[in-house]
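Understanding the architecture of this molecule
This is what each chain is made of:
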Amino acid sequence: MLPIANLNLKDLYQSTFEFFASRSPSFSFSAFSAEDSVSDISFPLTPRDPTPRNLSPDEESASLRDRLDAAERTDYSHNPSSCNPPFGASAAASTLYSMRREHDVIKNELSKTQAEVTRWEEKYKTLEKTLKETRDLLKVRDKEIQVLKERERHTPERHCPSTRIDRRRSRDLAHQRSDSSQSQQIRLSADWSEIHDDTVSQANGNHRRNGSDPHLDNMSTVSEEERAQSRGLETFLNKIDLWSGAQVIQAVQDLNSEILQFAASATELCTFSKQRPNSAKVTQASSEVATRLGAALSRLLTTRDHSQDPMLVQLALQGCISYCISRALSSFCIGYQSKANITLTQIYTHMFHSEPQPTSSRWRALTHKHIHELHPELNEYAVNEMTETIFRWSLDIFLISGSTNPQPNPASRENFRARFGAQVKRISKAACRLAQVTKEEIMSANFEVIAADSGQLFDGQEMMDAFEDYGSSDGVVLCTTELGLRCSTRKTTSDAPASEEGIDRRILLRPKVVLESVVEVIDPR
C-alpha cells in the first residue's frame, strides 16, 4: 500500500506545483531541479514516529500544503530578490503619494484664495460706503447750487455782469496792495476763475431764457475769451518761486567768496618789480583799466610799489571781476547779441514800469527760456566768453602793476591760464546760473546783482565800506570788491501811469566797496 501512497503524493505534488506556477509567475522553487526524483522530494515522517501511518487524502493534502509553504519561506530567505513586491503594487503606491501631494497643494491654494476673497470683500464694502457718502455730498452740493441759481435770478445785477466783474477787480486790486506777492498770485488766479465761472453761468442762464438775443451771444463770446485768458494766466499767476530771497542772497555771497579766493591765490603766486617797462602794451593796458575801474585806481596800480605788499593789486582784481560779472548780469541774456540784448532790455524795462508784476515776469521768463531753446550752445559760449574776459582783464592789471610772473610773453600767460583755468571757469558758471535763476525761476519780483560805480560818493545805506573798522567811511568809491543784490517789485496796477513811485526797491545785500582813503590804511606814510 505504501508504493501506491507515494504515487498519489507525486501526482498531488505535480498538480500543486502547476497550480502555483500558473497563479504566480514569480513563484519558483530554486531548491529543486527538474531531475529530482520522488525520493528527493519525499517528505519523510517524523523521526519520533518511525512507523508510517495511514493518512486520509484530506490530511495528506493539508500536510503537503504546510510543507510547501515552509519550502516557499525557505526559498525567500535564500533568495531575497524574489521578495520584491510586484511592479503594479509599486506604481499604485507612487500614484497614491502624488495624489496626496496634489491634494495638499490644492488645499493650500484654496485657503489662500478664500483669504483673498475675504480681503476683497472688505475693500468692496469700504468703497461702497465711500461711494454712498460721496453721492450724499453731491446731492447736498446740487441743492446748494440750485439755491444759488434761484438767488441769482432775483438779484438786480443779473443783466449787467460787467458791473460785478469791475467791482470784483477793484476789490482784488485793493487786496493786492496789502498782501505779499505770492498770495497775490494765488488769489488773483482764484478770482479770475471765479469771475469766469460767474460770467459763464450767467451767460448760459440768459441764453436759455433768450436763445435768439444777439447781445447774449456777444456775452458768450466774451466769456470764452476770458476763459482762454484765465487759462493762459493760470500757469504763471499760481506759480511759486523756485528760489527764495535768502537762497539768492546766499548764491551771491558764494560767488563773492569764489572771486576773493581767486584774487588772493593769483596775487600770492605772482611777483612784482619796482621798475616797469615803458611800452605801448603797458600804456594801452593802463588806459583800458582806467576805463573799467576808473583813472584813480589805474594810476595807483601804475605808480606804486607792490613788491612788498600786493594788497592793492588783490583789491583791483576783485573789483575787475566784480565789474565784469555785474555788467554781464545787467544784460537781458548773457552771451546773446549785443544789439538784441539792448532792445530786449529796453522792452522789459518799459513793461516792468507799465504792466503788473506777474505779466512782466512772465514775459521775461518766457523770452529768456526760448532764447536758450533756440540757441542751445548759448550757455557754454557765455561761460567761455566770461572766462576769457576775466583772464584778459586780470592780466592787464598784473601788467600795469609791474608783475614779473606772469610776464607779458604768451608762454607765461598760458601757464597762468592753465593754473587758474578751472577756478575762473567755476566763477563764470556760477554767474551764468545766477542769471538763469533771476530771469526764469523767480516770478514775484525782479532781482538785480549790483555794484557801485568808481568815483561815486559813498552812501552807507546802499553800500558797505570794506575797511570801515580802520577809519571813517567818507570819500569816493575806488572799486567794488563784493557784489550786492537788489529786489524790485511793482506795486501799482496797470491803469496807473508808469513812475518810480510805484516801484518798491529794496537792497537785500549791500555791495562792499573800497574808498580812495584805503591808500592811507594800506601804506601810511
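Everything below is about the structure shown above.
The present account deals with the structure reproduced in this document. What you see is a predicted model, and the numbers here were worked out from it, not measured in a lab.

1. Quick look at the nonpolar core
Among the nonpolar cores identified, the biggest contains 63 residues, and Phe262, Leu301, Ile325, Ile397 and Phe416 are the most heavily contacted of them. When sequence neighbours within four positions are dropped, the list of residues in contact with leucine 301 reads Arg276, Val289, His306, Leu312, Val313, Ala316, Ile397, Ile400 and Ser401.

2. Concerning the pairing of strand 6 (residues 484-490)
For strand 6, the tally of buried residues reaches six of seven residues, placing the bulk of the element in the interior. Where strand 3 (residues 446-450) meets strand 6, five bridges bridge the pair, whose relative direction is antiparallel. Bridge pairing in strand 6 links phenylalanine 447 to cysteine 487.

3. Comments concerning the packing of aromatic side chains
Tallying each qualifying case throughout the model produces 10 aromatic pairs. Between phenylalanine 416 and phenylalanine 420, the aromatic rings sit 5.0 Å apart at their centres with planes inclined by 50°, giving tilted as the arrangement. Here phenylalanine 420 and phenylalanine 416 lie together in helix 14 (residues 410-440), a separation of four residues that amounts to about one turn. For the pair formed by phenylalanine 416 and phenylalanine 420, the shared burial category is buried. An aromatic cluster is present here, built from Phe262, Phe272, Phe391, Phe398, Phe416 and Phe420 joined pairwise through their rings.

4. Brief notes about the sheet that holds strand 6
Strand order in the open sheet formed by three strands is 3-6-7, with antiparallel pairing between adjacent strands. Every interior strand has two partners, whereas the edge strands, strand 3 and strand 7 (503-509), have only one. On average, each strand axis in the sheet is tilted by 25° relative to the strand beside it, whichever way the strands run.

5. A few points about the packing of helix 8 (residues 280-293) against helix 13 (residues 378-400)
With their axes 9 Å apart at the nearest point, helix 8 and helix 13 run at an angle of 120° to one another. Here helix 8 is positioned oblique relative to helix 13, judged by the angle of their axes. The two elements helix 8 and helix 13 meet at a crossing, and its hand is left-handed. Across the interface between the two elements, Lys281, Val282, Ala285, Ser286, Glu288, Val289, Arg292 and Leu293 from helix 8 touch Trp393, Asp396, Ile397, Leu399 and Ile400 from helix 13. Tallied by class, the residues present in the contact of helix 8 with helix 13 amount to eight nonpolar, one polar and four charged.

6. Considerations on the layout of surface pockets
Its volume calculated, the second largest pocket comes out at about 650 Å³. If you go around the second largest pocket, you meet 34 residues; those closest to its centre are Ser326, Leu329, Ser330, Glu448 and Val449. The set of elements that each furnish at least two residues to the lining of the second largest pocket consists of helix 8, helix 10 (311-330), helix 11 (338-354), helix 14, strand 3 and strand 5 (477-482). Among the elements that make up the lining of the second largest pocket, the one with the highest residue count is helix 10 (six residues). Residue composition of the lining of the second largest pocket, grouped by class: 15 nonpolar, 12 polar and seven charged.

Here is what the cut-offs are and how they apply
- Residues numbered from 1 in each chain as written.
- Predicted model: local features only at pLDDT ≥ 70, side-chain atom pairs only at ≥ 80, totals over all residues.
- Heavy atoms only, no water.
- Core = buried A, V, L, I, M, F, W, Y, C linked by side-chain atoms within 4.5 Å.
- Buried < 20%, exposed > 50% of the residue type's maximum accessible area, 1.4 Å probe, protein only.
- Contact = heavy atoms within 4.5 Å.
- Helix = DSSP H or I, 4+ residues; strand = E, 2+ residues; numbered from the N terminus.
- Pairing = 2+ DSSP bridges.
- Phe/Tyr/Trp six-rings, centres within 6.5 Å; stacked < 30°, edge-to-face > 60°.
- Axes fitted to C-alpha atoms, helices over the stretch in contact; angles between N-to-C directions.
- Parallel < 35°, antiparallel > 145°, perpendicular 65-115°, else oblique.
- Left-handed = near helix turned anticlockwise from the far one by under 90°.
- Nonpolar A, V, L, I, M, F, W, Y, C, P; charged D, E, K, R; others polar.
- 1 Å grid on protein atoms, 1.4 Å probe; cavity = no way out; pocket = protein on both sides within 12 Å on 5 of 7 lines; lining within 4 Å.
- Points joined across faces, edges and corners; volume = space filled by probe spheres on them.

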